[in-house]
Structures are given as C-alpha cells and as structure tokens.
Amino acid sequence: MSEPILKIENLHKWFPVRRTIIQLLKGEHVWVKAVDGITFKINQGEIFGLVGESGCGKTTTGKLLMKLLEPTGGKIIFKGKDVTHLEESKIKKYRRNVQMVFQDPYASMNPRFRAWDVLEEPLIIHQVGETRAEREKIIRFSLKEVRLIPPEEFMERFPHMLSGGQRQRVATARTLVLSPSMIVADEPVSMIDLSTRAEILHMMKTVQRELGLTYLYITHDLSTARYFTDRIAVMYLGKIVELGGADEVIDNTLHPYTKALIAAVCEPIPGKSNTIKEIPIKGEIPSATNIPPGCRFHPRCLYAKPQCQEEEPTLIEVEEGHYVSCHL
Amino acid sequence: MADTNNILKVEKLKINFLTRKGKVYAVDDISFSLKKGETIGLVGESGCGKTTTVLGLMKMVPTPGEIISGRILIDGKDIIPLSENEMREKVRWVKISMVFQGAMNCLTPVYTIGKQMMETIQEHKEMAYSQAKKKMINYLNLVGLPEDIIRRYPHELSGGMKQRVVIATALFLEPDMVICDEPTTALDVVVQAQIINLIKRLKKKLGLSVIFITHDLATEAEVADRLLVMYAGKLVEVGKNEQVYGKGGPIHPYTEKLLKATPRLHEKVEELSFIPGTPPDLVDPPSGCRFHPRCSEVMERCKKDEPPLIKVEPEHWIACWRSYHE
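This structure is a prediction, so every number in the text was calculated from the model and none was measured.

Attention now moves to the sheet that holds strand 2 (residues 22-35) of chain B. All names here are of chain B. The antiparallel open sheet is built from 4 strands, whose spatial order is 2-1-4-5. Of all the strands in the sheet, just strand 2 and strand 5 (77-78) have a single pairing partner and so form its edges. Pairing analysis gives 8 bridges linking strand 1 (residues 6-19) to strand 4 (residues 65-74), with the strands arranged antiparallel. Residue Lys14 lies in a different strand from strand 4, and its bridge partner there is Ser69. Contacting strand 1, strand 2 and strand 4, helix 1 (residues 50-57) crosses the sheet at an angle of about 65° to strand 2.

Given below as structure tokens:
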C-alpha cells in the first residue's frame, strides 16, 4: 500500500443547540454530536466508502474534509500537511486539490449557466488558464473524460437540457477541471435512475483509474459501495463502528449494526414475495443530541450485554485491516 | 382471461398529454388485471409512465393529461364515465387508495397528524368524531405507531414514521386496493426494509391487493407476486416473480439489462453493465419497437413493426420480436 493521502485523527464536529433559559443559567451546553471522534486514513489512489443511515454524520464528515465546516476538534492531515485550521487564502489552494460532487444534480447547478459556464467558473476563481483558449482546452479534456462526447455540443447546453445522468457527469467534469488529487462524492448516484446509476459509477471508476484519483464515496447503499469501493467504513451516530476491505466487511461482517444493514438490502432473488424478512435491529436511530451511554448502538442491538450499557467500545483491529468497535 | 376474482381490470388504457411540442403518449395501450390479495409490481425507468398509469386508475391525471381511450373495470364496473363526485364517493379511498411518491412530504406541517387523518374520513364518510377517532387509533396501531401520535406534528416524526402515517391514512376507509408509488425510495435501508415488511403484513392481514411502483428491481423482488415491466409507455414484459427472477430469467432484453444493472450485495462483479442511451422522447417515439435504439439484439423487423405482447409460457407475456415464433 502506498502512502496515505489523507489522515483523519479523532475528528469532532459538535453543533451547538439553542439552550433553554434554565440551561443558560446553569451554564450547561447542549450539542448535536454529528461527528464524534473518528479516525481513518485514505491511501493514494483508493476509493474509500463511508456508509451509514441518514443522520449518522457521513455528510458532515465530507463537509469537514472540504473545509466547508470548521471542525470542533481533531486533526485533518492532507499530504503530510495539517489542514485542520486554515486561513481563507490557503483554503482556496487546498480546494484545488480536494473537490466535491454533490448529491442532487438538479440543485447543484445554476440553471442560467451553460455547461461551459459551470465548468469555466472554477477555472476563473482559481486563476487557472490565462486565456480562453487555454481554458477551453481544459474543459474539452474534462468533458471527454466524463464521456460527454462531442464536448462542443454539451458545452452549449443549459442544465435543463441534460438528463440527471448527464448533469452528474457535468458535476464530475467540474471537479476535474482543477485536476484535484482527491474527490469527495456525496451520494452521487442516489438521485439517479437505476439503469444510469451503474453507468455513472462505471464512468467515475474509469476516470479514477485514468487520472489516479482518490475518492471518498459517501453513501447509504451497501450494494453500490461493494461494487465501487476498495475499503468501507460503517458509521453510526458519529462514530465508525466497522472498517475494512469492502469484501471483508460484507462477507465477514462483525458488527451487529453492519449485519442489520446487510440484512435490510433487497436483492433480486425470486420467491420472496410472501416471506417476511427478519432484520436484526430494534427501533430507529436516536437523536444525536442525546447519545446513549456506553456503546451507542446498545438500545437497538439484539445482542447487548450489561457491559455495553456502561463502557464505550473502542475500534480494535480484529483481523489484518479489519477494525470493529464492539464488546462482543 | 375471464377470471372472476379480478378486482381490477385495465383494458387498452391510453393517456396522452397535450403539450406545446405535441402529443406525449405517456401511457400507450396498457392492459392488465389485479387479483384479490395479489401484489403486482410496476417497474421502469423514470418517465416511462408508471405514475401516470396509476393516476389514471384514480382518474387523477393532471392537466394537460387526458385519458383517451380504454376501460378501467373495478369489480366489473367501468369507472371512466363516472363524474368527479361519484369518483370521490365511490372509488377514491373507498375502493382504491394511494400512497404517493415522497409521501412524507404530503403531510401539512401546520396540522397535527390526527387532524389530517380526520380530514380524510370526513371528506368521504359521515362518522361520529369519537367513532372516527377510535378507528384512527386502531389503524395507527396496525402500522405499528403509538396512539399519542395523533397529537404530534409531522416535523416531530422521522421519515419512516411519516411513511407509516401515510399508509395508515390510505387504509383508513378500508379500500380493496392500495397503490404504493415508490414508498421506500427516500428512506434509509433499514427503514425501507421495515416498511416493506409492514406492507407485506398488512396485505396478509387485510387481504389487500397492492400495486407497488418502483424503479428498483431488487425491491420489487421482495414484494411483488407478479411483475409488469414498462418502457416508454408500453408494457414490455409481464410475468410472475419466479419467472422473472428465477432460473429462466427475464426474457425481454430490457428487463434483462435492467436486472444486470442492479448491484447485488453478495456477488462481487467487476463491471456492472448498463443500458446505453436514454429513454426516448415520447412526443416522437421511435418506430417499431420503442426499445430498439438501445437494444443490443436488434433485428431488422424491430425497426419497422411494433411487437405485440405475446404469451411465451403460462402467465408470462413478452413484447419482443425475438421471442416471436411462427
């Protein structure tokens, strides 16, 4: 394995919540602990998947990496440099290296911009390409890279003239114009039709191989994660509960939460229309303001022991490269 | 098919939308039937006419859409000639009800759950308040919600709970059929599985017939007894769950491709296949078979003639020239 491009150490993001007058007088603080101490490394040229239910903090993690949010604690180390707290000017430089693809291709583009404007804007902001001709070269290259061929035709189109899949290609092209080394993709295919979903993932994978990029792929869908990623981290309420190779995590699951997630995935196998599937989990995800003591999963876990209610488990390496945070 | 236990029968339904660009043939000549206690799955890409078809069943196609021809028989009676008032009194929510796409956003944020559900009852039936309330609690318990929910507002509930409320509301007037339009798409996997289980349980308990719409073949495998695959306003394959997902597999190239594009959890695939191109513009649908520009097994005939829906084995129908022998 090559050098890690990104190292995250004990990263926290707590959002303050408006306090009641009594809490104010008592000096109590109330926090939503969206990300509560996560540590992981992403290697150069790797596709790293972050999986979890909504509200588990996966998008917040993505935003922290993009420096769209200021972390409450912990460290982000990118290419050996500490980027946890950066000044405005340096953030801009950092973002040339780390780019993001958003979830909703319908909302992430200005409807009055042609694809050309969408792609040119980052170049102007970052002062890449002196002349229009130079910028055009870059734009053509990235459009070709995402398989929008011929580029001339797509450059002139407005977002409403593109299908969802094509928009997501433009969004990917927009990240490529700055030739970043890492891309944060926040549920890039969850809004797209199934038939195009595979096509977009395929395109993203090809681009990644051709340009040697690193991806952080954020998703709630384990089946695409398995196909797309090299390693998976499963998050629950702001913590990583299991981390390992994609095949390892899915075929040799250790944490009860991951097991429940896997059991819940639908698969195209015949003859199940009359059976009710057991999902080994209770209730719904609790609020992040009021995190249960001990293991945060214990109220929903079917195998919880008394120990789970008191002690918080730590992420330990069970097999090589496969970490789990559970007392069992 | 002259089954008497068909509670719904659709014959040659056509729905057009008149737009500035021309007529859009959103639903073109669709026939199917639904038996008592059966779940049928309607699958297809977005824009293929799934939602329009079921809106047609309730006669709720938004303008400029219009039902051009065809018959919709509910318990043997055609509902197309019925007036709006008759529809409300006799059909909607009494015979068929619907769980809408993005149902969680269907609830008004300013009313309590109880008030919104009560509204449904009062629109359709005369019932004493206390009796209605009792019934409401009954149905809320049935979908696994506590009783105190009637005093709560939608923002206090999670996505899964809101979806349960919407399902309870749909069942309220004891319809025979429920249409679920992508009820699980916006939900998390675990909640998704819980809602699917709920629908299955209710179906068994109440003997409901369900039309389940989704674009995800994997979800459909879990719920549907029979599958209708739609492409560009037409049915391309109709078959039983075992026929489509089983060993024989789907026969129509479109269903086959769609199934191959579905990622599976327990199989490591190096490359997922996908369907090249995009669904056609329905103002000017392609000649012959509507799928032919994207089909990998296209023949000369596909470009000229439109394939009819033909029976290949009992209860398995395909619209493809490849399976047409004679």
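Having put the structure on the table, let's press on.
The next thing to look at is the environment of Pro293 of chain B. Here Pro293 of chain B shows up in the loop between helix 9 (253-260) and helix 10 (300-304). Separated by 17 residues in sequence, Pro293 of chain B and Pro276 of chain B have C-alpha atoms that sit 9.3 Å apart.

Residue and element names in this part refer to chain A. Over its 13 residues, helix 7 (residues 164-176) runs 19 Å from end to end, which matches the ideal 18 Å to within 8%, given 1.5 Å per residue. With 11 of 13 residues buried, helix 7 is to be regarded as a mostly interior element. Every buried residue of helix 7 is accounted for by Gln166, Arg167, Gln168, Arg169, Val170, Ala171, Thr172, Ala173, Arg174, Thr175 and Leu176. In this structure, the buried residues of helix 7 make contact with strand 6 (98-101), helix 4 (115-125), helix 5 (132-145), strand 7 (182-186) and helix 8 (194-211).

Moving on, we come to the sheet that holds strand 1 (residues 4-16) of chain A. All names here are of chain A. Ordered in space as 2-1-4-5, the 4 strands form an open sheet in which the pairing is antiparallel. Each having just a single partner strand, strand 2 (31-43) and strand 5 (81-82) make up the two edges of the open sheet. Helix 2 (residues 58-65) contacts strand 1, strand 2 and strand 4 (73-78) of the sheet and is inclined by roughly 65° relative to strand 2.

With that settled, consider helix 4 (residues 129-142) of chain B. Residue and element names in this part refer to chain B. An ideal rise of 1.5 Å per residue puts 20 Å on 14 residues; helix 4 measures up with 20 Å between its terminal C-alpha atoms. Within helix 4, burial applies to Met136, Tyr139 and Leu140. Seen from one end, helix 4 has its buried residues packed into an arc of 100°, which puts them on one side. Those residues of helix 4 that are exposed and aimed more than 90 degrees away from the buried face are Ser130, Gln131, Lys134, Asn138 and Asn141. Its buried side turned inward, helix 4 meets helix 3 (113-124) and helix 5 (159-171).

Scoring rules and cut-offs
Residues numbered from 1 in each chain as written. Chains lettered and ligands numbered in written order. Predicted model: local features only at pLDDT ≥ 70, side-chain atom pairs only at ≥ 80, totals over all residues. Pairing = 2+ DSSP bridges. Helix = DSSP H or I, 4+ residues; strand = E, 2+ residues; numbered from the N terminus. Contact = placed C-beta atoms within 7 Å. Axes fitted to C-alpha atoms, helices over the stretch in contact; angles between N-to-C directions. Expected span 1.5 Å × (residues − 1). Buried ≥ 20, exposed ≤ 12 C-beta atoms within 10 Å, placed from the backbone. Arc of directions from axis to C-beta.

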